[in-house]
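Below, each chain spelled out in residue letters.
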Amino acid sequence: MTGKVVFITGGAAGIGAEVARRLHARGAKVVLTDVDEVALRGMLSELGADRVLTRVADVRDLTAMQAAADAAVERFGGIDVTVANAGVATYGSVLAVDPAAFKLLIDVNVTGVFHTVRATLPALIDRRGYVLIVSSLAAFAAAPGMAPYDAAKAGVEHFANALRMEVAHQGVDVGSAHMSWIDTAMVRDTKDDLPSFREMLTSLPGPLGRTTSVDKCADAFVKGIERRSSRIYCPQWVGLVRWLKPVLSTRLGQAPILRTAPRLVPQMDAEVAELGRSVSARVAAVRTDDPDSADG
C-alpha cells in the first residue's frame, strides 16, 4: 500500500477509522470524509497532515462527494482505492420506524454508495484501482426490526456485483464486505437503546449473536484491500451464510427467529416509541433530513 491513495467515507470513527490507521501505517495516503467534523479533526491530529486529507462531506450530497474526490486528486495526484463505508441504522419494525429515518438510511447506505463511487470512479479507472463497498451479513440473512438496513445492504451487494462487470475491462476490481455484529458505536448504541435487541442477539444460534472487535474487522478489510478481493467476510463463517441464503429465506431457515419475533418485535416497537426516535442519539446529532443543511 506504500504510496497508494485510499478514499474512505465514514472515515472518522469505527471501521473506517481503523482501516485508515492500518493503511496509513503501511505507507498509504488516506482521504477521509465524514459528517463529524470534530472526529475528523481528531484523525488528522492523530495521523498527521503529511499523508492525510480530511473533508467534511455528506455522502447524500453528490456535489460534496465530487468536491472531496477532486481535492484528493489535486492533493495526491489520483485515487487507487475507494472504500464506501459510511452507513447508519434505524430502529423499529416497518410499522414503527419513522419514515424520515427510513429515507435517511436509504439515502446514506444506498444513494451514498452510488455518490461515492460516481465521484471517485474516473480517478480509479485512471489508476486501474479497487472499490470496496461495505455491505453486511444482512445482505444474506434478514432479521425482524431491521427491514430498512437489510434492504439497503442487500441492495449495495448487488450494486457491487453489477459494478464489477461494468468496470472489469477497465482494470478496476470491485469487492463487497460482509460482516456480522461488529463492536462499533452503531451496535453498542443499539444495545444501549433497545433491550429487545440485546435479547435478540442472545437468542440467535451459535456464533450468529456474537460480536467481533473492530480490530479484527479492520484487519480483514486491509487484507482484502491488499488482495483486491471480490468479497471480504468478518468473521470468516459469514462466507458460509452467503451460500445458505436460499435456505435462510425459507420458513425452515427462519424458524429460530420466528419463535421469538412475536414477542420481541412488539417489545422493540414499544422501546422505540418510548425513545421517541428511530435512530441512535449519535446519528441524530450529526445527520439532518436535508444534506444541504448539514455541515458538509
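Just so we're clear, the structure is a prediction, and the values are computed from it rather than from any experiment.

S.K.: What's the story with helix H8 (residues 214-227) in this structure? I'm lost.
M.R.: Owing to its 3.6 residues per turn, the α-helix aligns residues three or four sequence positions apart on the same side. Counted at 1.5 Å a residue, the expected span for H8 with its 14 residues is 20 Å, and the 20 Å between its end C-alpha atoms agrees. Those residues of H8 that fall on the buried side of the exposure criterion are Val214, Cys217, Ala218, Ala220, Phe221, Val222, Gly224 and Ile225. Arginine 228 occupies a position one or two residues after H8 and carries a positive phi of about 55 degrees.

S.K.: Explain the sheet that holds strand S3 (residues 52-56) to me, please; I cannot follow it from the model alone.
M.R.: Two modes of strand pairing occur in sheets, parallel and antiparallel, and in both the strands are linked by backbone hydrogen bonds. Strand order across the open sheet formed by seven strands is S3-S2-S1-S4-S5-S6-S9, with parallel pairing between neighbours. At either margin of the open sheet sits one strand with a lone partner, and together these are S3 and strand S9 (231-234). Averaged over all neighbouring strand pairs, the angle between strand axes comes to 15 degrees, with direction disregarded. Of the pairings in the sheet, the one linking strand S4 (residues 81-84) to strand S5 (residues 130-134) comprises four bridges and is parallel in character. Note on S5: the bridge partner recorded for alanine 84 is isoleucine 133. Sheet strands touched by helix H2 (residues 37-47): strand S2 (29-34) and S3. Its angle to S3, the strand with the most contacts, is close to 175 degrees. Across the sheet, helix H5 (residues 147-167) touches S5, strand S6 (173-179) and S9, and the angle it forms with S6 is around 160 degrees.

S.K.: How should the packing of helix H6 (residues 185-193) against helix H7 (residues 195-203) be read in this particular structure?
M.R.: Axis angle and axis distance: for two packed helices, these are the angle between their axes and the distance between the axes, and together they describe the pair. For the pair H6 and H7, interaxial distance at closest approach is 5 Å and the crossing angle is 110 degrees. Relative to H7, H6 is oriented roughly perpendicular. Residue-level inspection shows Val187, Thr190, Lys191, Asp192 and Asp193 of H6 in contact with H7, the latter providing Pro195, Phe197, Arg198 and Leu201. For the contact of H6 with H7, the residue count by class is four nonpolar, one polar and four charged.

S.K.: Could you clarify how one ought to interpret the layout of surface pockets in this entry?
M.R.: Estimated volume of the second largest pocket: approximately 200 Å³. Lining the second largest pocket, in full, are Asp219, Ala220, Lys223, Gly224, Arg227, Ser229, Arg231, Ile232, Tyr233, Cys234, Pro235 and Gln236. Here the lining of the second largest pocket gets five residues from one element, more than from any other, and that element is H8. Among the residues making up the lining of the second largest pocket, the classes are represented as five nonpolar, three polar and four charged.

S.K.: Would you take a moment to explain unusual backbone geometry for this structure?
M.R.: Keep in mind that most residues, glycine aside, have a negative phi and that most peptide bonds are trans. Look at the link from cysteine 234 to proline 235: it is a cis peptide, with omega at -10 degrees. Structurally, proline 235 is set in the loop between S9 and helix H9 (238-248).

Parameters at a glance
- The residue numbering used here restarts from 1 in each chain and proceeds along that chain's sequence as written.
- Where totals are concerned, whole chains, interfaces and linings use all residues; where local detail is concerned, this predicted model gives features only for residues with pLDDT of at least 70, and gives and counts side-chain atom pairs only at 80 or more.
- Side-chain metrics rest on all non-hydrogen atoms present in the structure, leaving aside hydrogens and water.
- Helix and strand definitions here come from DSSP, where helices need a minimum of 4 consecutive H or I residues and strands a minimum of 2 consecutive E residues; each element is numbered from the N-terminal end.
- Helices are assigned an expected span. That span is 1.5 Å times one less than the residue count.
- Burial here depends on accessible area, computed with a 1.4 Å probe over protein chains only, as a share of the maximum for the residue type. Under 20% is buried, over 50% is exposed, and the range in between is partly exposed.
- Here a strand pair is declared whenever DSSP counts at least two bridges between the two strands.
- In this analysis, axes come from line fits to C-alpha atoms, helices being fitted only over the stretch in contact, and the angle between any two N-to-C directions falls in the range 0 to 180 degrees.
- Any pair of residues with heavy atoms lying within 4.5 Å of one another is described as a contacting pair.
- Small angles under 35 degrees read as roughly parallel and large ones over 145 as roughly antiparallel, with 65 to 115 read as roughly perpendicular and the rest as oblique.
- Ten residues, namely Ala, Val, Leu, Ile, Met, Phe, Trp, Tyr, Cys and Pro, are considered nonpolar, four, namely Asp, Glu, Lys and Arg, are considered charged, and the remaining ones, Gly among them, are considered polar.
- The pocket and cavity definitions rest on a 1 Å grid over protein atoms only: a 1.4 Å probe that fits but cannot leave marks a cavity, an open set with protein on both sides within 12 Å along at least five of seven lines marks a pocket, and residues lining either have an atom within 4 Å of a point.
- Grid points are joined across faces, edges and corners, and a volume is the space filled by probe spheres set on the points.

It is worth stressing that arrangement in space is one thing and function is another; only the former is reported here.
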